[in-house]
Each structure stands twice: as C-alpha cells, then as structure tokens.
Amino acid sequence: MELSGLQIFKYLPAAKKAEHTNCKLCKQPTCMAFALKLAKNQVDISDCPFAPEELKEKFLHSRKQPQKTVEIDGLKIGGENVLYRHEKTFINPTAFAVELDMHAPDFADKIKRLESFEITRVNEKYKVDLVIIKNCDSDVSTSLRWIKEEDFLRLPLKNATCETFKLTKENLINIRTRAIKEKDENFSEPVYVKFESGINAEEVCAQASYYICKYANMLVFTDFDEALFSTLITLRQNIFTDPQKPLQVEAKIYEFNNPDENSIIFMTTNFALTFFAVAAELENLNVPSYLVVTPADGMSVLTAWSAEKFTAKVAAKTLKKFGLANKVKTRKIIIPGLLAHMKQELQDEIEDFEIVVGTVEAYEISDFVKNNC
Ligand code: SF4
C-alpha cells in the first residue's frame, strides 16, 4: 500500500514537536506540506535531511512495483498493483496467445484463421494478442504479433501451470498475493498458464475464465477455437474495464437506416453497453430510426435515474439542445421500459412529444416496433 500524506507526516519533526520542525530546508513551508507532496511524488524523500531511516524504508517499500511489466512488441503483460479491482484498478488485461508448430501440416491454415479472427465489442476491436511459433526456422509472413517459442521462453515470465486445475489456481493466487502483499521480488514476474491440446472446449472455457479473474497475466492455448476466444474476450473486457471510468458514448442523436422526418425515435442514456446493444438492434431492424442519447456520465438508465443523472428536466433539455422538435414531424419518443415509472414525469416536461414506454431488453425492440410502430 502506498503511504498517505498523514502516514508520512507522523515520522517528521513537526509531528513529534522535535528540533527542525517546519525548518523549510526542503523548500516547503511546513513538514505537513512536504508530507502531502511526498505522498503525491511531487518531492523527493531526500529533500528532508531529518526524515528518519524507518520512514525512508517504509516509503521505498511502498513505492516498489509489486509486479513487473513485460512488453512484447507493444503487448504489455503484468504490471498489476492490486489484488482486487475495486482497490484501485487492474492495469493490463490477461493476454491471449496461441502456440503454433511451424512444421505442422495445417500451420498456414491456422495462421489464416487467426488472422481473420476479430471481434468488436463496445466499440473495441479484439484479435489474438500473440502467436508463439514452435520450430520456427524461417520468417513468418503475418499481420499478427508473433514470437519464436525459444524467445518467448527467455522472457521474464513465470509458467504457473500445475498438474491440476486446483493446483494451478492455488499457485496463481499464492504468486499474486506474495507479489502484491509482500512485494516479494521472487514473485514479481508476470505469470502465464498453458493449456495443452486435448482438453475439451467447455473445460478450457471454465478454467480459463477462472484464470482471467484470478490471476493469470497471460493464457497460452495450443488449440484455437473462435467461439471460445469470443467468450473469453467478452469476460476479459468485463473484468478489466475500470468501473471508475464507465464506458460512454457521445450524447447526441444517432441515425439508423437513413431516417427522415417521419421516422421513429428512441431515447436512452450514454452508457456504452446499453448504446451498442440498442444500436445493433436498430441497425438490424431495417427501419429508419433516431436514437436520442442523453448525457448521464456513462451510467445505465436505472443507475442514471437513481443518481439523478437522467431526470425529466435533463431529457427535456437534451431534446431542446438537439432541436429534435424542428427536425422531425414524428411526435412520439420511445423510452426504455426500465423507465416506465417516469412516463408521466417526462410527459409533463416534454410538451412536444408523446412519451411511449418501450422494451426492457434491447432484443425485444424488433417485436415492439412490428407491433406498435
Ligand atoms: Fe520538515 Fe524536513 Fe521540511 Fe524541515 S526539511 S520542514 S523537517 S520536512
């Protein structure tokens, strides 16, 4: 744990009412000012000649990076500082590597399959992070990031794979705990788990899901399965998204299938997950439509409502700002079903449009439009 300004201050002369209190030799007006700046790394501990050895040791220990970062051609592995995401944030998502044997008859086909694999989720594009080439005796012509097996094995990464799932998970937890809590340098290397071929995809999926949560920095697969990777990438994105920075999209009016003044209008908040779920449905509807996205600090509709980020006043103000009433002849706005309780409140504020309660789930939009629009 990093030391706070107050924890640092306790060791300084002013806290002990000792000689040199607030002497300003460190070029700060008081010991407290120095402590607060030191906690933020804005001054150096050596600037105070009266800092006791105990503080220096504690401070240096608190600044020690618990886990090293290893970089392979721009791919960062490790560098984690916490055991749990809610303590601060996770840094680098678990990397997914696939091991291929250059001498295998299907090598070229597998490279092609890996190259064509790409998924887009919440506006982020994902591919396989790394290809590890066994028996590599010539250059590999591929757009993917790759490394020879012998070079990979020379990296400061620790193979945490044990004989059984139980032992591997215990090993991962032990390594991460020792690295973070004790800052033990013997456990500071990022770790990977390798799946040998022959394990069925469901088993690999279950085990890999656990390892993504706790605490593999990298997973190495010897088989490649598009469905498995899509599932694991989805989980990984959820685990490694910083909850303190909600994914959000721009608040504006989005258009689908060339809408005109008579097209239907939906409304939601700017939480990215909701937006992309609704946007995908509207795109596939083949019906021209508008989607009004209100500013809500990236909160989902119910969260935004409870945090008073989505209120009738905000909705009315947003519509006015976008000039929607002048843009369309349509006089109905479909709101998310989760906000049904706000219908009257919204209606009182939004005079130009009739408020219609839509669906709770995005996948129900298609049926809703067929039956109601
Ligand atoms: Fe306090 Fe040390 Fe700065 Fe003097 S040099 S004011 S003792 S922190």
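Here we summarise the structure given alongside this text. (Residues numbered from 1 in each chain as written. Predicted model: local features only at pLDDT ≥ 70, side-chain atom pairs only at ≥ 80, totals over all residues. Heavy atoms only, no water.)

### Re the overall build of the protein chain
Okay, so step 1: Check the secondary structure of the protein chain and you find 15 helices and 15 strands.
Okay, so step 2: Computed over its C-alpha atoms, the radius of gyration of the protein chain comes to 27 Å, more than 25% above the 21 Å expected for a compact globule of 373 residues.
Okay, so step 3: Relative to its 373 residues, the protein chain shows a buried fraction of 43%.
Okay, so step 4: The long-range share in the protein chain, meaning contacts at least 24 apart out of those at least 6 apart in sequence, stands at 66%.
Okay, so step 5: Total accessible area computed for the protein chain in this model is approximately 20,000 Å², and 49% of it derives from carbon and sulfur atoms.
Okay, so step 6: Considering the protein chain, the positive charge centre built from 48 side chains and the negative charge centre built from 54 side chains are found 8 Å apart. (Helix = DSSP H or I, 4+ residues; strand = E, 2+ residues; numbered from the N terminus. Rg over C-alpha atoms; globule rule 2.2 N^0.38 Å. Buried < 20%, exposed > 50% of the residue type's maximum accessible area, 1.4 Å probe, protein only. Contact = heavy atoms within 4.5 Å. Areas by Shrake-Rupley, 256 points an atom, 1.4 Å probe, with all protein chains shown as cover. Lys, Arg positive; Asp, Glu negative; His and termini not counted. Charge placed at Lys NZ, Arg CZ, Asp CG, Glu CD.)

### Examining the sheet that holds strand S8 (residues 158–159)
Okay, so step 1: Strands sit in the order S7-S6-S3-S10-S9-S8 across an open sheet of six strands; the sheet is parallel. Two strands lie at the open edges of the sheet, namely strand S7 (146–148) and S8, each paired on one side alone.
Okay, so step 2: Relative to strand S10 (residues 218–221), strand S3 (residues 95–101) runs parallel, the two being bridged by four bridges. In the sheet register, Val98 faces S10, and the bridge partner there is Phe221.
Okay, so step 3: Contacting S3 and S10, helix H9 (residues 226–240) runs over the sheet at an angle of about 155 degrees to S3. (Pairing = 2+ DSSP bridges. Axes fitted to C-alpha atoms, helices over the stretch in contact; angles between N-to-C directions.)

### Observations concerning the packing of helix H8 (residues 201–213) against H9
Okay, so step 1: Running from N to C, H8 and H9 point in directions that differ by 15 degrees, and their axes come no closer than 10 Å. With respect to H9, the axis of H8 lies roughly parallel. Seen along the crossing, H8 lies across H9 with a hand that is right-handed. Facing Ala201, Val204, Cys205, Ala208, Ser209, Ile212 and Cys213 of H8, the residues of H9 in contact are Leu228, Thr231, Leu232, Leu235, Arg236, Ile239 and Phe240.
Okay, so step 2: Grouping the amino acids of the contact of H8 with H9 by side-chain chemistry returns eleven nonpolar, two polar and one charged. (Parallel < 35°, antiparallel > 145°, perpendicular 65-115°, else oblique. Left-handed = near helix turned anticlockwise from the far one by under 90°. Nonpolar A, V, L, I, M, F, W, Y, C, P; charged D, E, K, R; others polar.)

### Looking at the pattern of salt bridges
Okay, so step 1: Considering all chains together, one arrives at 16 salt bridges under this definition.
Okay, so step 2: With a shortest N-O distance of 2.8 Å, Glu99 and Lys194 are connected by a salt bridge. Placement of Glu99 in strand S3 and of Lys194 in strand S9 (residues 191–195) is noted, with a sequence separation of 95 residues between them.
Okay, so step 3: Overall, the relative accessible area of 9% leaves Glu99 in the buried class.
Okay, so step 4: Between Glu255 and Lys327 there is a salt bridge, with the nearest N and O atoms lying 3.5 Å from each other. In this pair, Glu255 is assigned in strand S11 (residues 253–256) and Lys327 in helix H13 (residues 324–327), connecting sequence segments 72 residues apart. (Salt bridge = Lys/Arg side-chain N within 4 Å of Asp/Glu carboxyl O.)

### Overview of helix H15 (residues 365–372)
Okay, so step 1: Every buried residue of H15 is listed here: Ile365, Phe368 and Val369. Projected onto a plane normal to the axis of H15, the buried residues spread over an arc of 95 degrees and lie on a single side. Among the exposed residues of H15, those oriented more than 90 degrees off its buried face are Lys370 and Asn371. (Arc of directions from axis to C-beta.)

### A word on unusual backbone geometry
Okay, so step 1: Omega for the peptide link from Lys214 to Tyr215 comes to -20 degrees, which places this bond in the cis form.
Okay, so step 2: You can see Tyr215 is positioned in the loop between H8 and S10.
Okay, so step 3: At Lys17, a residue that is not glycine, the phi angle is positive and equals roughly 50 degrees.
Okay, so step 4: Along the chain, the position of Lys17 falls in the loop between helix H2 (13–16) and helix H3 (31–39).
Okay, so step 5: With a relative accessible area of 74%, Lys17 lands in the exposed category.
Okay, so step 6: Even without being a glycine, His20 presents a positive backbone phi close to 75 degrees.

### Some details on the pairing of S3
Okay, so step 1: Counting buried residues in S3 gives six out of seven residues, a clear majority hidden from the surface.
Okay, so step 2: One ladder, built from five bridges, connects S3 with strand S6 (residues 130–134); its direction is parallel. Bridging from a neighbouring strand, Asp101 pairs with Lys134 of S6.

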